[in-house]
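Inside the fold
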Amino acid sequence: MIRTVSRSLFILIVLLHSSAGAQDWARKMFKVTEHDFGNVARDAKAEFRFEFENLYEEDVHVANVSSTCGCTTPRVENGSLKTYEKGAIVAHVNTDRFLGRKGATLTVTFDKPFYAQVQLRVGAYIRNDVIFDPGSVQFGSVDQGMAKEARVRVQYTGHSNWRIVDVKNANPHLSVQLIEAGRRGGQAWYDLLVKMDDAAPVGYIRDHLLLRTNDPSRAEVPLLVEGSVVSSIVVSPASLFMGVIEPGHEVTKQLVVRGKRPFRILSIECGDEDFRFDTSDAGTPKPLHLIPVTFVAGDTRGKISRTIRIETDLGTMTVPELAAYAVVSQGMGQ
């Protein structure tokens, strides 16, 4: 179990350590600080998310992120984090404007709760002989239970005997059909027909297909696959943080459960009696339900994390789940 650092202890750590050591609190929020994209095609969508999580009781804020090279453009996803919330620094390689071996250092500057900087490093080799059109497989937003297809054209210019010999795919809900569309001189064209089946689970899809070629020096070329499978039941917030609470105290927050047509909520469970749900009005069919959630802090200190499961009368395919958590503190006088 990860413990939060109390405000007084946090300040003491920063004051007693050196400037370099004081940066560690920010670096510890990142599990990964380096990424090599390997070989990527020209015009391919090449992005990597450096995820970070606020491990502390204080709010964390990203003030700025910069790059040492125009070959990589960074952006911030959710730069203001409360305890145990997650964000990301997204590194986007500009494969449409650069070629060859490229590398960049991204400097992430935090100004809350204290000043700190974290450096992230990325690298890639951008090929000039392989082009994707479009630059990735994009399914967009897909309703749960529906299948979807997308097509990408692969163009190669170089050796006359170059071929794609296989496509590696680790996602069981994706299937790939490889079609050689044409060949002339040193050029070759392939169409990739990618299908997502109707059993794909709810959530964000971000995978890579690996095109295996007969090129001995650069045998594999990754192709990004993105999409979002959307449930007919949407719960907000997507994760429920009850706050930092002293033992014996309680807090109530609200879940919004929305459907595309009227429905009834049959049950809400999370396996913890400290979380209580007011479902007194949930048995009436309607497209929007407001569910008060109350957490009563017990004697166990630290992070309390549970999974809330909501069952409706729309069937087993539409049973949304979300994370709920709270931090039970030592109390101000302890």
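Residues numbered from 1 in each chain as written. Predicted model: local features only at pLDDT ≥ 70, side-chain atom pairs only at ≥ 80, totals over all residues. Heavy atoms only, no water.

Comments concerning the pattern of salt bridges
A complete count under the given rule lists 21 salt bridges for this structure. Two residues, Asp-24 and Arg-27, come together in a salt bridge whose shortest N-O distance is 2.6 Å. Of this pair, Asp-24 and Arg-27 both sit in helix H3 (residues 24–27), 3 residues apart, roughly one helical turn. Judged by its relative accessible area of 39%, Arg-27 is partly exposed. Its salt-bridge partner being Asp-272, residue Arg-306 comes within 2.8 Å of it at the nearest N-O pair. Of this pair, Arg-306 sits in strand S22 (residues 302–312) while Asp-272 sits in the loop between strand S19 (265–269) and strand S20 (275–277), placing them 34 residues apart in sequence. Assessed through its relative accessible area of 15%, Asp-272 is described here as buried. Taken together, the shared-partner salt bridges in this structure form one network comprising Glu-47, Arg-49, Glu-51, Arg-75 and Glu-77. (Salt bridge = Lys/Arg side-chain N within 4 Å of Asp/Glu carboxyl O. Helix = DSSP H or I, 4+ residues; strand = E, 2+ residues; numbered from the N terminus. Buried < 20%, exposed > 50% of the residue type's maximum accessible area, 1.4 Å probe, protein only.)

A look at the nonpolar core
Membership of the largest hydrophobic core comes to 31 residues, with the highest contact counts inside it found for Met-29, Ile-89 and Phe-110. Listed by contribution, the elements that provide at least two residues to this core are H3, strand S1 (34–42), strand S2 (46–53), strand S3 (60–67), strand S6 (86–93), strand S7 (100–112) and strand S8 (116–133). Beyond its immediate stretch of four places on either side in the chain, Ile-89 contacts Phe-30, Phe-48, Arg-49, Phe-50, Phe-52, Val-65, Arg-75, Val-76, Leu-106, Val-108 and Leu-120. (Core = buried A, V, L, I, M, F, W, Y, C linked by side-chain atoms within 4.5 Å. Contact = heavy atoms within 4.5 Å.)

A few points about the packing of aromatic side chains
Under the definition given, this model contains 11 aromatic pairs. Between Phe-48 and Phe-50, the ring centres sit 4.8 Å apart and the planes meet at 75°, which makes this aromatic pair edge-to-face. Across the pair, exposure class does not vary: Phe-48 and Phe-50 are buried alike. Ring geometry for Phe-52 versus Phe-110: centroids 5.9 Å apart, planes at 85°, classification edge-to-face. (Phe/Tyr/Trp six-rings, centres within 6.5 Å; stacked < 30°, edge-to-face > 60°.)

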